[in-house]
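# Coordinate analysis (summary)
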Amino acid sequence: MSWEQIPGFLSQKDAHGETTVVVETERLVEAATYLRDEAGFDFLSDITPTDYLGWEQPRVAGYWGNRAGRDLNSPGSWGLAKQPEEKPKRFSISYHVLALREGAPRLRLQVWCDDGEPVPSVVTVWPTADWHEREAWDMMGISIDGHPNLERILMEEDWEGHPLRKDYPLGGEPVRFSGEE
Amino acid sequence: MTMAVVAEKRPAIYEGSRIPQPIPTVLLVDPKLREEGDILEVNFGPNHPSTHGVLRLVVELNGERVVGLKAVVGYLHTGFEKNMEQKSWWKAITYPERIDYLSFQINELVFVLAIEKLLEVEPPGKATWMRMLLSELSRIHSHLIWLGTSALELGAISLLWYCFRERDAVLDLFELVTGARMHTRYFQAGGLAEDIPPGFYSECRRFVDYMPARLDEYEALLSSQVIWLERTKGLGLLSAADAIALGQSGPVLRASGVDWDLRRDEPYLAYDQVDFRVPIYPNGDVYDRYKVHMDEMRESTRIVRQCLDGMPEGPWIVDDRKIVLPPRDELHTSMESLIHHFKLVTEGYRVPEGEVYVAVESARGELGCYVVSDGGPKPWRVKFRAPSFVALEATATCMSDALVADLIAIVGSLDTVMGEVDR
């Protein structure tokens, strides 16, 4: 089935029995409203941001490390037989929608954005997006535009950084009183 | 059995929508009321014995009535998803079951199904049916704990011990099959870790034989209890339209009168080959959620019995040496097996590039797993659509105008596991 009629349609991909439709970020609310009202996708299952930082960097095969050595804090540090397909921007945000009717049709609506680029909020379309979008902000630092209550949800309010980003440090803790300050 | 007579004062589910505006998950105090009324702000939790984990509710009260409410979560955040990105695919399987520690087997299942979808591997029939059986046992386990703790919170202390007796019987079955009582890591990409031990069938059959009678006993204990009825009927209302808009799933959705169950409507494993009923109740209150839980345990028992009857013979895991460990005894004679074993243990198998979303019906509703692979031995991104996380979004809608004493009954009826909320 083709979804070209969705407002702001950019591309469609069918794989593993799932359909991904990429739309323009600015026209996300329009596309979401269309899906809910015209296509019957009344149920928003999930919103997932994904960070593709380091996705296209050449990796060293065979051991967990990069050319400089084993580095826990660097993204993309394991070997691949072939480089994965390039991505248009750093972050993808996937909206998994479901229609509560015969056959349970599902669709993945996807938008792409770079760091700091605003993504419109879909809370007005699906109220359940509230916490999912707060989590997207908290964990991935996606700037949701127009959310009524965009606060951190899982980390504490004064936390610095967004832990699920690929450039968020993994191992090691800053050493205090090391004599350098 | 004589039912106690209780005045039928169940109101119809409300007209229109009760979802608070503009923030769907925060109930704000009416500014006029705040000026004239005597609003008291009370902090429930995070370490309150009746909040099912570490949930904090900031409640604003006008007398006994809840007029403002905000749920604060995140106290149990452990970064499962981030951790899984650092582990090879097959090591990461240990994580999902710790996310929801009550329906652990179903959580494990959803991640394994996602890996298999990317690998395009079809597990053998025995594995599929055993997965279904253990999922249903896990559902019974989770519902029993829900029933016991919810009743405990409303004062029915003895039921907790009965529920834990049966829960222990379920855990004994898990121990028999997998060697571990919880967090079994029994499902592998491609099938099961080990064959089913011969003694399991008779033990499990014994369990499904006595379980329905036990469930009747529990229901008799509660359903003829005036206090239980008074404290559950007509409370925590959620209409069908609001439940869908708030993304509710599982027992909460079905208690609001929405006929939806992924096991029947989007069949995975072999759910299209077993016979079961999806319980629907129309009133959207705490009592109906309790009824759905009770009926689901009966249906799960029926499914387990059908799984025992229909369990196919044959291998329990696919014979694909690129993803499955070779048999132990081959390592002493075959160089090739030794190499495969070494590669799988040190590096892990590689999963083709792609993204998938797999959803199953966990004890709490739609449990989704979104996985991105870059073609390497570790997942690029794993995200769980946690039904408990979504269920807590409904707190503000369910509790508007509730009495403070009913707060615990309502939050309990949403059946949340905080490990899954905070991940």
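Everything numeric in this text was worked out from a predicted model, so none of it was measured.

The next subject is the overall build of chain A. For chain A, the count of helices and strands is 2 helices and 7 strands. Overall, chain A shows an N-to-C arrangement of helices and strands of β-β-α-β-β-β-β-α-β. A sequence separation of at least 24 residues applies to 56% of the contacts in chain A between residues at least 6 apart.

Along its length, chain B carries 18 helices and 9 strands. Rg of the C-alpha trace for chain B: 23 Å, near the compact-globule value of 22 Å for 423 residues, within the 12% margin. Principal-axis analysis of the C-alpha atoms places the extent of chain B at approximately 85 × 50 × 35 Å. Taken over 423 residues, chain B has a buried fraction of 54%.

To continue, consider the pairing of strand 7 (residues 354-362) of chain B. Residues and elements named next belong to chain B. Along strand 7, 9 of the 9 residues are buried, which leaves the element largely enclosed by surrounding structure. Side chains G354, V356, V358, V360 and S362 project from strand 7 onto one buried face, and the interleaved E355, Y357, A359 and E361 project onto a second face that is buried too. With 9 bridges connecting them, strand 7 and strand 8 (residues 365-373) associate as antiparallel partners. Following the sheet pairing, G354 is matched in strand 8 by S373. Between strand 7 and strand 8, which pair antiparallel in sequence order, lie 2 residues.

This paragraph deals with the sheet that holds strand 4 (residues 65-72) of chain B. Residue and element names in this part refer to chain B. Read across the open sheet, the 4 strands follow the order 1-4-3-2; overall the sheet is antiparallel. One side of each edge strand has no neighbouring strand; the edge strands of this open sheet are strand 1 (26-27) and strand 2 (39-44). Taken together, the 6 bridges between strand 2 and strand 3 (residues 56-62) define a ladder with antiparallel strand orientation. Within strand 3, the position partnered with V42 by the bridge is V59.

To continue, consider the interface of chain A and chain B. Facing 36 residues of chain A, the contacting portion of chain B comprises 43 residues. Put simply, the parts of the chain that give the side of chain A that touches chain B at least two residues each are strand 3 (43-51), strand 4 (91-98) and helix 2 (129-140) of chain A. Tallying contributions element by element places strand 3 of chain A first for the side of chain A that touches chain B, with 6 residues. Taken together, the residues of the side of chain A that touches chain B break down into 21 nonpolar, 8 polar and 7 charged.

This part is about the environment of E299 of chain B. Residues and elements named next belong to chain B. Inspection of the secondary structure assignment puts E299 in helix 13 (residues 286-310). Taking the C-beta count within 10 Å as the criterion, E299 has 20 such neighbours and is therefore assigned buried. E299 sits 21 residues away from V278 along the chain, and the two C-alpha atoms are 8.0 Å apart. Excluding its chain neighbours within four sequence positions, the residues that come into contact with E299 are F276, R277 and P279.

What follows covers the confidence of the model for chain B. All names here are of chain B. Summing up the model confidence of chain B, the mean pLDDT is 87 and the portion of residues at 70 or higher is 96%. Considering each helix and strand of chain B separately, the mean pLDDT is smallest for helix 1 (residues 31-36), with a value of 83, and largest for helix 5 (residues 104-119), with 93. Across residues 1-10, where pLDDT falls below 50, the model places 13 contacts with residues more than four positions away in sequence or in other chains. Overall fold confidence for the complex sits at a pTM of 0.89, while the interface term, ipTM, reaches 0.87.

Residues at a pLDDT of 70 or more form 80% of chain A, whose mean pLDDT is 82. Mean pLDDT values over the elements of chain A span from 89, in strand 1 (residues 9-15) of chain A, up to 93, in strand 4 of chain A.

To continue, consider the sheet that holds strand 5 (residues 106-113) of chain A. Residue and element names in this part refer to chain A. Spatially, the 5 strands line up as an open sheet ordered 1-2-5-4-3, and their pairing is mixed. Two strands bound the open sheet, and with one partner strand each, they are strand 1 and strand 3. Strand-to-strand twist across the sheet, computed as the mean angle between neighbouring axes with direction ignored, equals 20°. Relative to strand 5, strand 4 runs antiparallel, the two being bridged by 8 bridges. Counterpart to H96 in the pairing with strand 5 is R108. Helix 1 (residues 28-37) contacts strand 2 (18-23), strand 4 and strand 5 of the sheet and is inclined by roughly 175° relative to strand 5.

A few words now on unusual backbone geometry. Residues and elements named next belong to chain B. Here the residue pair Q21 and P22 is connected by a cis peptide bond, since its omega of -5° sits within 30 degrees of zero. Within the element layout of this structure, P22 appears in the segment before strand 1. Phi at D415 takes a positive value of approximately 55°, unusual for a residue other than glycine. Note on placement: D415 falls in the loop between helix 17 (407-413) and helix 18 (418-422). The phi dihedral of R423 is positive, around 45°, even though this residue is not glycine. As for its placement among the helices and strands, R423 is situated in the segment after helix 18.

It is worth spelling out helix 5 of chain B at this point. Residues and elements named next belong to chain B. Helix length check: helix 5 (16 residues) gives 23 Å between terminal C-alpha atoms against 22 Å at 1.5 Å per residue, within 8%. Judged by how many residues are buried, helix 5 sits mostly within the fold: 15 of 16 residues are covered. Downstream of helix 5 by a residue or two, E120 has a phi angle that is positive, lying close to 55°.

This paragraph deals with the environment of L160 of chain B. Residues and elements named next belong to chain B. Note on placement: L160 falls in helix 7 (residues 157-178). Counting along the chain gives 132 residues from L160 to L28, while the straight-line C-alpha distance between them is 36 Å. Once residues within four sequence positions are removed from consideration, L160 is found in contact with G148, T149, A151 and L152.

With that settled, the discussion passes to the nonpolar core. Residue and element names in this part refer to chain B. Ranked by size, the top nonpolar core spans 163 residues in total, and within it V110 and A114 carry the most contacts. Examining the composition of this core, we find that 13 residues originate from one element, helix 6 (residues 125-153), more than from any other. Among residues more than four places away in sequence, those in contact with V110 are P96, V358, V360, L367 and C369.

How each quantity is defined
Residues numbered from 1 in each chain as written. Chains lettered and ligands numbered in written order. Predicted model: local features only at pLDDT ≥ 70, side-chain atom pairs only at ≥ 80, totals over all residues. Helix = DSSP H or I, 4+ residues; strand = E, 2+ residues; numbered from the N terminus. Contact = placed C-beta atoms within 7 Å. Rg over C-alpha atoms; globule rule 2.2 N^0.38 Å. Buried ≥ 20, exposed ≤ 12 C-beta atoms within 10 Å, placed from the backbone. Pairing = 2+ DSSP bridges. Nonpolar A, V, L, I, M, F, W, Y, C, P; charged D, E, K, R; others polar. pLDDT = per-residue confidence, 0-100. Axes fitted to C-alpha atoms, helices over the stretch in contact; angles between N-to-C directions. Expected span 1.5 Å × (residues − 1). Core = buried A, V, L, I, M, F, W, Y, C linked by C-beta atoms within 7 Å.

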